Number of protein chains: 4
Amino acid sequence: MTGFTARDPDYEAKLRASFSRMRVMELIGARLARIEPGLVEIELPFREDLMQQHGFFHAGMSSTIADTAGGYASFTLNPGDTSVLTVEFKLNLLAPADGERLVAAGRVIKPGRTLTICDLEVTAYKDGQPKLVAKGLQTMMCVKDRPDILAAG
Amino acid sequence: MTGFTARDPDYEAKLRASFSRMRVMELIGARLARIEPGLVEIELPFREDLMQQHGFFHAGMSSTIADTAGGYASFTLNPGDTSVLTVEFKLNLLAPADGERLVAAGRVIKPGRTLTICDLEVTAYKDGQPKLVAKGLQTMMCVKDRPDILAAG
Amino acid sequence: MTGFTARDPDYEAKLRASFSRMRVMELIGARLARIEPGLVEIELPFREDLMQQHGFFHAGMSSTIADTAGGYASFTLNPGDTSVLTVEFKLNLLAPADGERLVAAGRVIKPGRTLTICDLEVTAYKDGQPKLVAKGLQTMMCVKDRPDILAAG
Amino acid sequence: MTGFTARDPDYEAKLRASFSRMRVMELIGARLARIEPGLVEIELPFREDLMQQHGFFHAGMSSTIADTAGGYASFTLNPGDTSVLTVEFKLNLLAPADGERLVAAGRVIKPGRTLTICDLEVTAYKDGQPKLVAKGLQTMMCVKDRPDILAAG
């Protein structure tokens with residue numbers, strides 16, 4: 001448990017609806033793996049066409065799911081009828097993203113009315129064994145009077 | 001002109017061969033738009049399935065082409081028989097990535113034997129008008145005795 | 001010239017008054033070197049007690065003047081009766097900060113009502129010759145109804 | 001305990017000797033508070049002349065001790081006769097640094113022969129109560145054949 005409480009009781013349904021409209025998630029085959037107040041995980045199974053030429057996941061794929069996980073983690077704590085957008089993020093790539101799937105976790109470190117700061121982690125599972133392959137920090141902004149997420153946009 | 005000189009006379013052919021093996025570039029439809037010593041640009045035309053739900057390019061797509069452009073910009077200045085890998089990058093998203101195409105430019109600020117630092121910029125073209133939509137910094141590492149790029153991996 | 005226009009005609013006087021109350025600037029001997037809409041430079045002359053053990057300026061000193069320069073660059077474009085505070089910054093250290101003085105320049109890349117993004121550069125002058133020793137990006141927030149700068153706080 | 005083992009049995013004595021030569025630490029009144037393999041904490045007691053104009057520690061002071069803590073955390077895991085230097089760091093400022101003292105913790109996330117990645121945290125103590133005021137990530141480089149730390153230089 002994260003210790004945070006959602007302000008919008010419908011946050012999970014809204015989040016899932018938003019995710020389903022994010023076309024690029026379908027293109028790469030990413031799916032929501034965990035949703036809690038202040039914590040979202042997104043999973044990306046191995047596919048040949050997500051790789052760079054050495055058979056590792058392209059860092060852009062780690063970035064795509066990490067940014068989205070943090071964006072939605074922030075979204076879970078915002079009031080209804082607000083959107084989130086990414087102000088900036090930074091990612092350190094710690095090891096080749098090698099394995100049968102990646103899991104990106106976005107965790108809120110510091111929620112705020114306007115800005116929310118998230119910790120980002122990407123873990124690669126190879127033969128079922130987890131390895132931390134990227135670590136990051138992200139600043140999200142809450143935008144009022146827009147009914148949906150702008151996350152990662 | 002960038003003021004830099006390539007150390008490997010075959011750098012452009014190697015770069016193009018490397019890019020063509022980066023499967024994820026084909027998936028999203030990205031192409032090399034400019035290659036000079038210390039400067040690489042990658043173009044990404046609009047496609048519905050690269051978007052988030054508001055019809056803007058997903059920030060992960062900006063990240064994917066920006067990281068790759070910087071990686072290859074670093075690659076152009078390295079000796080032959082070396083690879084590059086991304087240590088870290090940071091991206092500020094300045095405006096929605098709205099338009100008919102994105103162009104990511106990676107420019108070497110400080111080349112080095114081990115580490116090379118690049119400036120990253122992503123420009124969106126809408127009705128032909130350019131707008132800076134993301135700005136970043138990236139640290140690349142040169143890895144010896146590997147015959148190909150690990151960029152963005 | 002920066003191409004920006006100040007919204008508060010008294011911005012320079014307010015900025016100088018704010019800087020003079022920032023006690024740590026006096027401690028380290030930093031001074032305002034240039035003030036224009038969207039651009040502020042801060043100079044830090046060599047002093048033995050600003051160094052690490054090799055006789056180079058400590059990176060914390062580069063950070064201190066770079067963060068402050070960017071904060072005030074943002075301040076020049078804000079309305080009167082607002083403050084600025086640093087949300088985050090990232091700095092790449094490109095070379096040892098060796099010389100008789102450092103100059104940090106903060107330049108607004110993207111002004112905004114709530115958030116302003118700045119480019120940061122630190123140049124070392126050795127025997128009068130400039131060398132870029134650090135490059136960064138910074139996110140500043142404008143806070144209403146506070147009559148003074150919170151920059152770099 | 002951090003789970004790391006030092007490779008140089010004299011690491012603590014070398015670290016303390018290096019710190020004592022870092023003149024700027026004396027200027028601002030910072031002191032080593034904790035040294036373990038992969039973890040270093042630096043404490044900075046309140047002093048009027050470390051403040052910005054609102055009575056909070058200047059963000060440059062948080063940066064100075066955070067960068068140094070991470071640099072020395074990396075140093076504890078390196079072989080003897082090597083130095084460390086900061087490649088880059090990023091800091092998110094989460095709350096005003098208000099209190100009677102700051103403690104910066106640098107923790108190694110990923111050690112490496114050439115590069116080491118650290119997590120940075122700055123905690124402010126006010127009336128004895130801790131509050132996380134800054135969170136960061138840092139990339140350190142190990143430099144061979146130099147007998148002392150270049151950290152934060």
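Our subject is the structure that appears above.
Predicted model, so just to flag it, every value in this text is computed and none were measured.

**Considering the sheet that holds strand 6 (residues 129–144) of chain C**
Strand order in this open sheet of twelve strands is 1(C)-2(C)-4(C)-5(C)-6(C)-3(C)-3(D)-6(D)-5(D)-4(D)-2(D)-1(D), and the pairing throughout is antiparallel. The open sheet terminates on both sides in strands that have one partner only, identified here as strand 1 (31–36) of chain C together with strand 1 (31–36) of chain D. Each neighbouring strand pair of the sheet contributes to a mean axis angle of 25°, computed without reference to strand direction. Pairing of strand 5 (residues 115–126) of chain C with strand 6 of chain C, which is carried by twelve bridges, proceeds in the antiparallel orientation.

**Re the interface of chain A and chain B**
In this complex, chain A contributes 42 residues to the contact, which on the side of chain B involves 42 residues. Looking at the side of chain A facing chain B, the largest losses of area belong to Leu 27, Gln 53 and His 58 of chain A, adding up to 18% of the total buried there. Put simply, chain A and chain B have two salt bridges between them. On inspection of chain A and its partner chain B, the count reaches 14 residue pairs in polar contact (both at pLDDT 80 or more). When contributions to the side of chain A that touches chain B are tallied by element, the ones reaching two or more residues are helix 2 (23–28), helix 3 (59–75) and strand 3 (82–93) of chain A. For the side of chain A that touches chain B, the element with the most residues is strand 3 of chain A, which contributes eight residues. Its residues placed into classes, the side of chain A that touches chain B shows 21 nonpolar, twelve polar and nine charged.

**Thoughts on unusual backbone geometry**
Unlike most non-glycine residues, Asp 81 of chain A shows phi in positive territory, near 60°. By secondary structure assignment, the location of Asp 81 of chain A is in the loop between helix 3 and strand 3. You will see that Asp 127 of chain C, though not glycine, has its phi angle at about 50°, which is positive. Considering the arrangement of structural elements, one finds Asp 127 of chain C in the loop between strand 5 and strand 6.

**Details of the environment of Leu 44 of chain A**
As for its placement among the helices and strands, Leu 44 of chain A is situated in strand 2 (residues 39–45). With sequence-adjacent residues up to four places away left out, Leu 44 of chain A is seen in contact with Ile 28, Gly 29, Ala 30, Leu 50, Phe 57, Met 61, Ile 65, Arg 101 and Leu 102 of chain A.

**Re the interface of chain C and chain D**
Every contact between the two is made by 42 residues of chain C and, on the other side, 42 residues of chain D. Summing both partners gives a buried area of about 3300 Å² for chain C against chain D, and 57% of it is carried by carbon and sulfur. Among the residues of chain C in contact with chain D, Leu 27, Gln 53 and His 58 of chain C are the three that bury the most area, contributing 18% of the side total. Our count for the chain C to chain D interface comes out at two salt bridges.

**Let's talk about helix 3 (residues 59–75) of chain C**
Taking 1.5 Å per residue as the helical rise, helix 3 of chain C with its 17 residues ought to reach 24 Å, and the 24 Å between its terminal C-alpha atoms agrees with that figure. Helix 3 of chain C sits mainly inside the fold: 17 of its 17 residues count as buried.

**As for the packing of helix 1 (residues 11–20) of chain A against helix 3 of chain A**
Angle between the axes and distance between the axes are the two parameters that describe a pair of packed helices. Residue and element names in this part refer to chain A. Two elements in contact, helix 1 and helix 3, have axes separated by 10 Å at closest approach and are oriented at 150°. Of the possible angle classes, the one that applies to helix 1 and helix 3 is roughly antiparallel. The chirality of how helix 1 crosses helix 3 is right-handed. Counting all contacts with helix 1, which are made through Tyr 11, Lys 14, Leu 15, Ser 18 and Phe 19, the residues of helix 3 involved are Thr 68, Tyr 72 and Phe 75. Looking at the contact of helix 1 with helix 3 residue by residue, the class counts come to five nonpolar, two polar and one charged.

**Observations concerning the relation of the copies chain C and chain D**
At an RMSD of 0.0 Å, chain C and chain D line up after a rotation of 180° and a shift of 0.0 Å along the axis. In short, the pair behaves as if placed about a two-fold rotation axis. Closest to the rotation axis within chain C is the C-alpha of Lys 90 of chain C, separated from it by 2.0 Å. Mapped onto chain D, 100% of the interface residues of chain C again fall at the interface, so both copies present the same surface.

**Here we look at the relation of the copies chain A and chain B**
In screw terms, the move from chain A to chain B is a rotation of 180° and a rise of 0.0 Å along the axis, fitting with an RMSD of 0.0 Å. A share of 100% of the interface residues of chain A reappears at the interface of chain B, consistent with the copies meeting face to face through the same patch.

**What to know about the pattern of salt bridges**
Counting across every chain of the model gives 52 salt bridges over all chains. Residues Glu 43 of chain D and Arg 101 of chain D are paired through a salt bridge, measuring 2.6 Å at the closest nitrogen-oxygen approach. Pair noted here: Glu 43 of chain D is in strand 2 (residues 39–45) and Arg 101 of chain D is in strand 4 (residues 101–110), with a separation of 58 residues, a long-range link. Residue classification places Glu 43 of chain D among the buried residues on the basis of a relative accessible area of 13%. Members of the salt-bridge network, linked through shared partners, are Glu 88 of chain A, Lys 90 of chain B, Glu 88 of chain C together with Lys 90 of chain D.

**Points about the pairing of strand 6 (residues 129–144) of chain D**
Residue and element names in this part refer to chain D. Bridge analysis of strand 3 (residues 82–93) against strand 6 gives eleven bridges, and the strand direction is antiparallel. Bridging across to strand 6, Phe 89 finds its partner in Gln 138. Between strand 5 (residues 115–126) and strand 6, which pair antiparallel one after the other, the connecting turn spans two residues, and Asp 127 there sits at a positive phi close to 50°.

Parameters at a glance
Residues numbered from 1 in each chain as written. Chains lettered and ligands numbered in written order. Predicted model: local features only at pLDDT ≥ 70, side-chain atom pairs only at ≥ 80, totals over all residues. Heavy atoms only, no water. Pairing = 2+ DSSP bridges. Helix = DSSP H or I, 4+ residues; strand = E, 2+ residues; numbered from the N terminus. Axes fitted to C-alpha atoms, helices over the stretch in contact; angles between N-to-C directions. Contact = heavy atoms within 4.5 Å. Buried area = accessible area lost by both parts, 1.4 Å probe. Salt bridge = Lys/Arg side-chain N within 4 Å of Asp/Glu carboxyl O. Polar contact = N/O pair within 3.5 Å; in protein donor to acceptor, adjacent residues only side chain to side chain. Nonpolar A, V, L, I, M, F, W, Y, C, P; charged D, E, K, R; others polar. Expected span 1.5 Å × (residues − 1). Buried < 20%, exposed > 50% of the residue type's maximum accessible area, 1.4 Å probe, protein only. Parallel < 35°, antiparallel > 145°, perpendicular 65-115°, else oblique. Left-handed = near helix turned anticlockwise from the far one by under 90°. Least-squares fit on C-alpha atoms with pLDDT ≥ 70 in both.

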